Structure formats: structure tokens, C-alpha cells
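The chain contents come next:
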Amino acid sequence: MNIYLFSYKTLSLTWYKNEAYLFPLVLLILNLIGYFYILLKYKTLNKKNIFLIIICVLFAGCKDISNKESVHISAPEGMIWVSGKSFTKGGKIGDNYAMERELPSHEVYVDGFFIDVTEVTNKQFKKFVQETGYITIAERKIEWEEIKKNLPPNTPKPADSVLQPGSLIFNKEIKKVDNMGNYFQWWKWKIGANWKQPLGPGSTIVNMDNFPVVHVAYEDAVAYCEWAGRRLPTEAEWESAAQGNFNYAVFSWGNELSLLNQNANTWQGNFPIENTVLDKHESIAAVKSYPPNSIGVYDMIGNVWEITSDLFNINHYKELDSSFPIKNPKGASSCYNPSNPYELQYIMKGGSFLCHDSYCASYRISARMGVSIGSASDHMGFRTVATLEMLNRN
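No experiment lies behind these values; they were computed from the predicted model shown.

Colleague: I would appreciate a short explanation of the environment of Ala98 in the present structure.
Modeller: Residue position: Ala98 is located in the loop between strand S2 (85-89) and strand S3 (106-110). Along the sequence, Ala98 and Ala361 sit 263 residues apart, while their C-alpha atoms lie 8.7 Å from each other. Those residues in contact with Ala98, other than ones at most four positions away along the chain, are Gly91, Leu103 and Arg364.

Colleague: Sorry, what's going on with a nonpolar patch on the surface here?
Modeller: Together, Val162, Trp189 and Ile191 give the surface a local cluster of nonpolar side chains, amounting to about 270 Å² of exposed area. If you trace the backbone, Val162 turns up in the loop between helix H5 (144-147) and strand S5 (166-170). For Val162, a relative accessible area of 43% puts it in the partly exposed group.

Colleague: How should the pattern of salt bridges be read in this particular structure?
Modeller: Note that side chains of opposite charge can pair when their charged atoms are close. All chains considered together, the criterion is met by 17 salt bridges. Between Glu306 and Arg383 there is a salt bridge whose closest N-O contact spans 2.8 Å. One end of the pair, Glu306, is in strand S9 (residues 305-311); the other, Arg383, is in the loop between strand S13 (380-381) and strand S14 (385-386), with 77 residues separating them in the sequence. Owing to a relative accessible area of 1%, Glu306 belongs among the buried residues under this scheme.

Colleague: Would you explain the pairing of S9 in this entry?
Modeller: Within a regular strand, side chains alternate between the sheet's two faces. With respect to burial, S9 is a largely interior element, six of its seven residues being buried. Sheet topology note: the S9/S13 ladder contains two bridges and is parallel. Of the residues in S13, the one forming a bridge with Glu306 is Gly381. Across three bridges, the pairing between S9 and strand S11 (residues 345-349) is antiparallel. Note that in S11 the partner of Ile307 across the bridge is Met348.

Colleague: Which parts of the structure should I look at to understand unusual backbone geometry?
Modeller: Comment: phi is negative for the bulk of residues other than glycine, and the bulk of peptide bonds are trans. With an omega of -5 degrees, the peptide bond between Leu103 and Pro104 qualifies as cis. Tracing the sequence through the fold places Pro104 in the loop between S2 and S3. Cis geometry is found at the peptide bond from Phe271 to Pro272, where omega equals 0 degrees. Of note, Asn154 is a non-glycine position whose phi angle comes to about 70 degrees, a positive value. With respect to the helices and strands, the residue Asn154 is situated in the loop between H5 and S5. For Asn154, a relative accessible area of 79% puts it in the exposed group. Residues other than glycine seldom take positive phi values, yet Asp299 does so here, at roughly 60 degrees. Here Asp299 is to be found in the loop between strand S8 (274-275) and S9.

What counts and what doesn't
Residues numbered from 1 in each chain as written. Predicted model: local features only at pLDDT ≥ 70, side-chain atom pairs only at ≥ 80, totals over all residues. Heavy atoms only, no water. Helix = DSSP H or I, 4+ residues; strand = E, 2+ residues; numbered from the N terminus. Contact = heavy atoms within 4.5 Å. Patch = residues over 30% accessible without salt bridge, like charges linked within 9 Å, V, L, I, M, F, W, Y side chains within 5 Å. Areas by Shrake-Rupley, 256 points an atom, 1.4 Å probe, with all protein chains shown as cover. Salt bridge = Lys/Arg side-chain N within 4 Å of Asp/Glu carboxyl O. Buried < 20%, exposed > 50% of the residue type's maximum accessible area, 1.4 Å probe, protein only. Pairing = 2+ DSSP bridges.

As C-alpha cells, this is what we get:
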């Protein structure tokens, strides 16, 4: 009976971990155990039989290990392989900055996939636009009838002079903050701001090819992914890549908050009125300006927020059955954010150059915020992922 239980648990584990390459080896070992039992029962076990068993196991093991390693070759240009693994998703014990929407933490298993080594850059996005003629949301004519669907009923229409294409930019001129809960104080709508003019008319991305593209909304990111044969990462995939070789880290470099300024582009000084620029970056930095994490992925923390494919729901973690590990979670089935009840929001991860412990401290792997499907700003970008199945189809 114990042999049957062992067999069941072993095969179940290989399925759960998605280690299909182990199936032949596991089945062979189980058959050999049965053969070994028969030899013992009938007292026919001898040196010759033992030698044959050892040779079979070693041959099968070497063969299947080589098959497993073959998965890791031929990474697409600019991408890196993230091995399948189990890890703790959500706020960690000892992380005093973890917010309610990050709790409770729970165990997940995520299959292996490829991820961009950096955020999508201006150079990459420029090629996409040149080949497709794509126009981002920030560049399009504003349709009031569409906008008011995401606003409370009877919201008055702004003047036509305000309803012009543009995007949100950080207000560097702010000198005083009355209420830290009112983030509108340090944001302003800039007419003419878009991915080509990140600070508005007169600004440019000349000599900024290797900077992350900004002023892109969820819809723009999805359009790029479709062109590139990629997709946006799930929140779980994003956290798996950020963890790297860890499985319970608060930051992409480990658990040491003291190493923040050496590893991520965030705010230094008194947010949002004084930026001491200790890291020499007043706003976004070029990709790869900071060290990569343990598997070679850059800028998972700080610089720009990164859009994911999961809907934002502040209660999602509390509604999960975390009594067993969740395999390849896809996020909430619906959006819920009482602060913006009329908006369809997706999760963005990683924080940005504006993150500071006096406000959101979102320079942590578990940090998660919602962003409207049509919203763009100068501190949000994205990166893409691809699975082996996707690459084979392409």
C-alpha cells in the first residue's frame, strides 16, 4: 500500500510542478522498484541484476536531464529565461510597508517563461510605430462620451480647451502639500505630452533611445505586444521574475532596505517638494543604470511602473483559497477599487522614480497599484513576456 501511495504522490508532484520531462524517469523508477521487490521475494537478487538496475536509472536520468536543459536555449533577443518555481506572492512577514491589498501572502507556482531584460525602450517602441503607424491614446483626440463612462454620473464636461490630447506629468514646481492623501497636488495634465514629447511640446526623446518608453496606456502596451508576438506578464509572472533566485524576498536584490539607492531609481529627499537627486536621476533613468537582479533582469524596482495583464482588485488576495499553492494564477476576475469605482483598472508593479517611504514605498516586489485602462503618465512603462508555446506558434 505504501508503494501505491508513494507512486501517486510522486506522479502528482511532477504534474503540479509541470516537470513533464520527469514522467518517463519516475515511471521507470517505479517499475524498477516493482522488479526489485519481485527479485527479493523470489530470492533471485544478484550482482548482475543490481548492475542492470543501476545502469537503467543512470541512463534515463542523464537523458531526461539533458532534455530539461534544452528548454533554456535560444532565448529571443533582449529576453531572458525565468525558470518555473514556487514562491511566496504578496506581502512578507517583517515588511512593515506591506498594504492591505498585498495581504495575505500565499504560495504560488509559476511555469517558466521568457521576459524582457529591460522595460520596452523608446527605440523599440519607435520601431513599432514606424512599422504600424500606431497612434497612442495620449496622441488621440479626446472623446468626452467615452471619458465620462469612467466618471461619476452627472460629472460636468470640462472646457474644450482642456479636452485636448495629452498625458499626466509630475509637477516639479510644487512647493507645499496640504494633504498627502490628495495626489492630484503633484500631478498635472499636460496638453501635448506623449511618448515622443514626454514633458510636453518642445521636449523630445532625441538621445534617449535606451530610456523606457512612457506615456503609454494599457491599450498601447497590448498593441505593442500583439505586434511583437508577446504579451504582458501576469502579476505572478512579474513577481517570479523580480524574485529571481529568491522565493521570499521583499526587494529584487534581497531583503536589505539599506541597499535601495544602489539598486533602484527612487525619490531621495522630502517627497514631493524636494528631490535631493543623490542618485543623479531627477526623473527616469536609462535602462540598465542599476545592477540586474540575481537572474539578470534589470529595473524591476523603481524607474517606471510596469503594466501587467491582471485586473486590480483590492480584495482579491483575501478571497483566495490559500490552503494549497496556486498554479499560474491569472488574477482577479473583476476589477474593484472603491477609490475609483467607475474605472476599469489593471495592476502595475515595481514602483517608479517617485516612490518614497513617506507616501507609498512601492519599491517592493509585492507592491501593487491600479491604473485606469486609458491612463498614461511620465512614470509608467511596461515589459513583455513570451512562453515556449507562444514562440513555437510564431
